[in-house]
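Read off the chains here:
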Amino acid sequence: MKRIFLFLFLISSTVVLSQTVLTSYTIDLKNKIKQSEIMTGENTATHDVFVFAASADSLSILKYNSALFLRDKFVTSRQYTENRSLMGYSFSEDGNPTLYWFSEEEKTIILIKYYLENKTSRALKFQIPLEENYLLTQYQKDNNFYLLIQSKTKQALTAFVFKNGMAEERFLDFSSFKFIDRKTLPKTFNQILNENPIEKMDSGEYNPLYKVSAKSKLYTLPNRLILTLDQSFRKTQLFDINLENQQIIEKTFMKPVGEKNPKTSNSYYHENKLYQINVNADELLFDIKDYESGESIKSFAVTKKDTIRFGNSPLLMQIEDRPPKQLKNTAKFLKALSSLDAGLSVYKNQKNLFITLGGSGSDLKSISMNGFNFNDPFGDFPSNSYYNMETNYSVFFESIWTKKLELTQATHEPFAADKVYYFLDSHKEAVLSSTLKLNNYIILSYYDIAAKQLVLRKFADGFDQTN
């Protein structure tokens, strides 16, 4: 399910989704698009931007300065990396990149450091211990590359930190902690994660509803991980993981309690605050807690008869990628939300804090041929003929706050991520896309199959009006 294009529902056709072509580079992938990939990264020490464009038989490394002027390039063969996928990157203290090429069949990573000054490279092989572990996720942070795996037999995670050509192992033992499922039955750490797979949150970026609806979420911070578990309606179980000394601190945040038992709940961690929701068909409870003290900073209780006073958008329902439709009232919204996997997302830009509350699901079986009616559970849309299928749908609304957590009546403006997805949806010639979030904007890199060029575009939050 894609990011919900809320702004397309709200803005008029006079709005220009501002974007800027930063640079382009001619490259011929020789009609082997399916065997090619592009990845973009920033050296956070120098703020140089790198684009790694891999074709079936060659690799092009393009180095741009912070102003996006091309300063260097390195074109080399795919020796040692044939039939491998590009997993990630890191940067050494000398400024040169290391790429990580993964083979699922061999369960190995080939690490290759590329020296742009003399156009040479050095390769190493790393065996991922996947016989006794599951590969959970990988990510880049502060010029290092991180690999996270889950043990099949031990109640533990292992993080590998790749830095300056070395892999450092961090064993994270969860065997001493206690876990319960939503029925308050005791479970092991592995059982909880197997039933509720971890979803990695992209730091500093907008995380869409289908991702934040996960019950187990991982937040990546410098030398630190935050793992939140929300399989219980009663509490959020949070683990603060120090990757330097491997210390794990458990914190428990009780969820807000209403008059009736909740049907769905979740949380979201953002900048030393935990945002929690508990929902049933009669009531929505929303709480913002201070991370250090656990005390509530803001609390809201909304019944089905109330108007949601902290919402800045209509109450919306979206099926697949169709335009959202407005729900009639809070009762309709809560009835729909209580049957879904609830989630909330918090995103901060230069101006405000944006909170999306809602839920997503994919268990509907009967849909109207000419409307958004499915078994008519909400009575909002006309019904005619039906056909059976599994479909993705969501309900949601957005709330805009100041950075000091004060409600504001500011109008919603499109996020840079919105514009990127909309651009890709409407430009089928743009393939092999990769995004890089910088301080105030997103760089979209893609291959233009018509022009045979690698293109970098800039997208920022907000919109411009035409003259």
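Scroll up for the structure.
Residues numbered from 1 in each chain as written. Predicted model: local features only at pLDDT ≥ 70, side-chain atom pairs only at ≥ 80, totals over all residues. Heavy atoms only, no water.

Chemist: I'd like a description of the sheet that holds strand 32 (residues 441–448), backed by residues and values.
Modeler: Read from one edge to the other, the open sheet built from four strands follows the order 2-33-32-31, with strand pairing classed as antiparallel. With one partner strand each, in any of the chains shown, strand 2 (20–26) and strand 31 (430–437) form the two edges of the open sheet. Mean inter-strand twist for the sheet, computed between neighbouring axes without regard to direction, equals 20°. Pairing geometry for strand 32 and strand 33 (residues 453–460), over eight bridges, is antiparallel. Of the residues in strand 33, the one forming a bridge with Tyr446 is Val455. (Pairing = 2+ DSSP bridges. Helix = DSSP H or I, 4+ residues; strand = E, 2+ residues; numbered from the N terminus. Axes fitted to C-alpha atoms, helices over the stretch in contact; angles between N-to-C directions.)

Chemist: Outline the environment of Asn194, listing residues and values.
Modeler: You can see Asn194 is positioned in helix 2 (residues 189–195). Relative accessible area serves as the criterion here: at 48%, Asn194 is assigned to the partly exposed category. Between the alpha carbons of Asn194 and Lys152 there is a distance of 10.0 Å; along the sequence they are 42 residues apart. Setting aside anything within four residues of it in sequence, one finds Asn194 in contact with Tyr134 and Gln150. (Buried < 20%, exposed > 50% of the residue type's maximum accessible area, 1.4 Å probe, protein only. Contact = heavy atoms within 4.5 Å.)

Chemist: Please set out the pairing of strand 26 (residues 316–319) residue by residue, giving values where relevant.
Modeler: Burial along strand 26 is two-sided: the face carrying Leu316 and Gln318 and the face carrying Met317 and Ile319 are both buried. Pairing analysis gives two bridges linking strand 26 to strand 27 (residues 325–326), with the strands arranged antiparallel. Among the inter-strand pairings, Met317 is bridged to a residue of strand 27, identified as Lys325. The hairpin formed by strand 26 and strand 27 contains five residues between the paired strands, and Glu320 there has a positive phi angle of roughly 50°.

Chemist: Tell me about the environment of Glu271, residues and numbers included.
Modeler: Within the secondary structure, Glu271 sits in the loop between strand 22 (264–269) and strand 23 (273–279). As for Glu271 and Lys348, which are separated by 77 residues in sequence, their C-alpha atoms are 9.8 Å apart. Side chain to side chain, Glu271 and Lys348 meet in a polar contact 3.0 Å long. (Polar contact = N/O pair within 3.5 Å; in protein donor to acceptor, adjacent residues only side chain to side chain.)

Chemist: Describe helix 4 (residues 330–337), listing the residues and the values that go with them.
Modeler: Among the residues of helix 4, those classed as buried are Thr330, Phe333, Leu334, Ala336 and Leu337. Across the axial projection of helix 4, the buried residues extend over an arc of 165°, all falling on one side. Among the residues of helix 4, the N-terminal cap falls to Asn329, whose side-chain oxygen and the backbone nitrogen of Ala331 are separated by 3.2 Å. (Arc of directions from axis to C-beta.)

Chemist: Which residues make up the side chain of Thr137, and what are the values?
Modeler: By the element assignment, Thr137 lies in strand 11 (residues 133–141). Residue Thr137 is classed as buried on the basis of its relative accessible area, which comes to 12%. Setting aside anything within four residues of it in sequence, one finds Thr137 in contact with Tyr146, Leu147, Leu148, Lys200 and Leu218.

Chemist: Go over the packing of aromatic side chains with me, naming the residues and quoting the values.
Modeler: Taken as a whole and assessed by the stated rule, the structure comprises 35 aromatic pairs. Centre to centre, the rings of Phe50 and Phe91 are 4.9 Å apart; their planes meet at 45°, and the pair counts as tilted. Taken as a pair, Phe50 in strand 4 (residues 49–54) and Phe91 in strand 7 (residues 85–91) lie far apart in primary sequence, 41 residues in all. The pair formed by Phe50 and Phe91 is uniform in burial state, with each residue classed as buried. With 6.1 Å between their ring centres and 75° between their planes, Phe74 and Tyr114 make a pair best called edge-to-face. Remark: Tyr114 occurs in strand 9 (residues 108–115) and Phe74 occurs in strand 6 (residues 70–77); sequence separation between them is 40 residues. For Tyr114, a relative accessible area of 4% translates into the label buried. Joined through ring pairs, the aromatic side chains of Phe286, Phe300, Phe310, Phe333, Phe397 and Trp401 make up one cluster. Over the ring of Tyr291 we find Lys251, and its NZ or CZ is 4.9 Å from the ring centre. (Phe/Tyr/Trp six-rings, centres within 6.5 Å; stacked < 30°, edge-to-face > 60°. Lys NZ or Arg CZ within 6 Å of the ring centre and 35° of its normal.)

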